Amino acid sequence: MEFNSIDPIGHEEESPRLFRSHRLRRGIYILPSMFTVANLLCGYYAILAIFEGKPEYFDKAACAIGFAILFDSLDGRVARAMGTNSEFGKQFDSLADVVSFGMAPAFLAYAWGVRALASANTPDALHLTQLGWLVGSFYLGCCAWRLARFNIQGMAPGGSRFFAGMPTPAAAGMIASVVHAFKNPVQDGRVSIVWLSLVVLLGLLMSSTVRYYSFKDFQWTRRQPSLAIILLVLLIGSIVLFSQIMLILIASVYLIQGITLLVVRTVRHRMASRHA
C-alpha cells in the first residue's frame, strides 16, 4: 500500500491553521466596527451630557464629539488598510454619524447658544427659541442628506482627493470647537443670532457640492521626511496643550479652505471663458 500521498501530520496541522485564519478574518471585520461603536457611544454620551444643562457638561459633550471624530477617522482607515470594507460597515458608520455628527451637534448648538435666553419669557426669547429649534432640525436634516448622498455617489468627481460637500465630522467639529473654546453658554441675543447663522452655514456646506480636501491621498505607510514627522509631533502637542485655540483654528481653516477653493475655481473659470 502506498502512503506517499498521505501526510497525517500535515493534515492534523491544517485544521488549527484554518481555525486561526477564520478567527483572524473575523477579528479583522470586528475591529473597524469597534471604532464605529465607539463613535456611536461618544455621540450618545454627548447627548446625555447636554441634557444636564450645565456649562461644564457642554464642554464634556464637545469633547465627546471630538473623540467621535477621532474614532470615525480610524474605522475607515483600519477597514481600508485591512481590506475589510463592506456594505454593512458603510451603512453602520453612516447611522453612527447621524447620531454623533447630526443629533449631538444639533442639540449642543441649541442648548449652548439658545436655551439660556429662553428663560427670559419674552416674545423675542420665544421667537429665538423657535428659531433655534428650526435651525437645529435644518442642520440635522442636512447631515442625514449629506451621508445618504455620500453612500450613493461617493467622493467628488475626479478621484478620492476631495469630498463633495463639507464632511459631517468637520461640521460637527466646528460646533464642538466653539463650545470647547468659550464654554459658557450664550447670554446675548445678537450673539445667538450669529451662532445660529453659523449652524445654518454648516448645514448648507454639508448639503452643497463645495469640494473639501479628504487627506485620503496622503500615504501614512510610506516614508516621510523628518521635518514632516517633527511638524506632526508639534501639531499634536499644540492640540493637547492649547486645545481651545488650536481646535477652533483647525476647524475654521478647514471650513474656509473649501469656500476659498470654490472662489478660486470660479474666478479661473470665468477668466478662461473670457479669454476663449
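Thresholds, definitions, all that
Residues numbered from 1 in each chain as written. Predicted model: local features only at pLDDT ≥ 70, side-chain atom pairs only at ≥ 80, totals over all residues. Heavy atoms only, no water. Helix = DSSP H or I, 4+ residues; strand = E, 2+ residues; numbered from the N terminus. Buried < 20%, exposed > 50% of the residue type's maximum accessible area, 1.4 Å probe, protein only. Contact = heavy atoms within 4.5 Å. Areas by Shrake-Rupley, 256 points an atom, 1.4 Å probe, with all protein chains shown as cover. Axes fitted to C-alpha atoms, helices over the stretch in contact; angles between N-to-C directions. Parallel < 35°, antiparallel > 145°, perpendicular 65-115°, else oblique. Left-handed = near helix turned anticlockwise from the far one by under 90°. Nonpolar A, V, L, I, M, F, W, Y, C, P; charged D, E, K, R; others polar. Polar contact = N/O pair within 3.5 Å; in protein donor to acceptor, adjacent residues only side chain to side chain. Core = buried A, V, L, I, M, F, W, Y, C linked by side-chain atoms within 4.5 Å. Salt bridge = Lys/Arg side-chain N within 4 Å of Asp/Glu carboxyl O.

Caption draft 1: Inspection of the overall build of the protein at higher detail. On a plain count of helices and strands, the protein comes out with 9 helices and 2 strands. The buried share among the 276 residues of the protein stands at 35%. A separation of at least 24 residues holds for 82% of the contacts in the protein among residues at least 6 apart in sequence. In the structure as shown, the protein presents an accessible area of about 16,900 Å², 68% of it carried by carbon and sulfur atoms.

Caption draft 2: Up close: unusual backbone geometry. Even without glycine at this site, Lys-183 takes up a positive phi of about 65°. Of the residues examined, Lys-183 reaches a relative accessible area of 25% and is grouped as partly exposed.

Caption draft 3: A look at the packing of helix H6 (residues 168–182) against helix H7 (residues 189–207). Axis separation between H6 and H7 bottoms out at 9 Å; the angle between their running directions is 165°. By the angle between their axes, H6 is roughly antiparallel relative to H7. As H6 runs across H7, the sense of the crossing is right-handed. Contact with H6, carried on its side by Thr-168, Ala-171, Met-174, Ile-175, Val-178 and Val-179, involves Trp-195, Val-199, Leu-202 and Met-206 of H7 and no other residues of that element. Taken together, the residues that form the contact of H6 with H7 break down as 9 nonpolar, 1 polar and no charged.

Caption draft 4: Broad picture of the side chain of Ser-177. Inspection of the secondary structure puts Ser-177 in helix H6. Within the structure, Ser-177 has its side chain in polar contact with the backbone oxygen of Met-174 (distance 2.9 Å). Aside from chain neighbours lying at most four places away, what touches Ser-177 is Leu-247, Ile-248 and Ala-251.

Caption draft 5: Representation of the environment of Ala-144 in the model. Tracing the chain through its elements places Ala-144 in helix H5 (residues 123–153). Sequence separation between Ala-144 and Gly-102 is 42 residues, and the spatial gap between their C-alpha atoms is 7.2 Å.

Caption draft 6: Quick look at the nonpolar core. Within the largest apolar cluster, 51 residues are counted, with the highest numbers of intra-cluster contacts made by Leu-108, Tyr-139, Met-166, Ile-175, Trp-195 and Leu-202. For this core, the secondary structure elements donating two or more residues are helix H1 (8–52), helix H2 (55–82), helix H3 (87–113), H5, H6, H7 and helix H9 (243–275). When neighbours within four sequence positions are excluded, Met-166 is seen to be in contact with Arg-146, Ala-171, Leu-202, Leu-205, Met-206, Val-210, Tyr-212 and Leu-255.

Caption draft 7: Summary view of the pattern of salt bridges. Evaluation of the coordinates by the stated rule reveals 3 salt bridges. Among the ionic pairs, Lys-183 bridges to Asp-59, the shortest N-O distance being 3.9 Å. Here the residue Lys-183 occupies a position in the loop between H6 and H7, and Asp-59 occupies one in helix H2, the gap between them amounting to 124 residues.

Caption draft 8: A look at the packing of H2 against H3. Interhelical geometry of H2 versus H3 gives an angle of 160° and a closest axis separation of 11 Å. Classed by the angle they form, the pair H2 and H3 counts as roughly antiparallel. H3 is crossed by H2, and the crossing has left-handed handedness. Contacts between H2 and H3 involve Phe-58, Ala-61, Ala-62, Ile-65, Ala-68, Ile-69, Asp-72 and Asp-75 on the former and, on the latter, Asp-93, Asp-97, Ser-100, Phe-101, Ala-104, Pro-105, Leu-108, Ala-111 and Trp-112. Looking at the contact of H2 with H3, its residues break down into 12 nonpolar, 1 polar and 4 charged.

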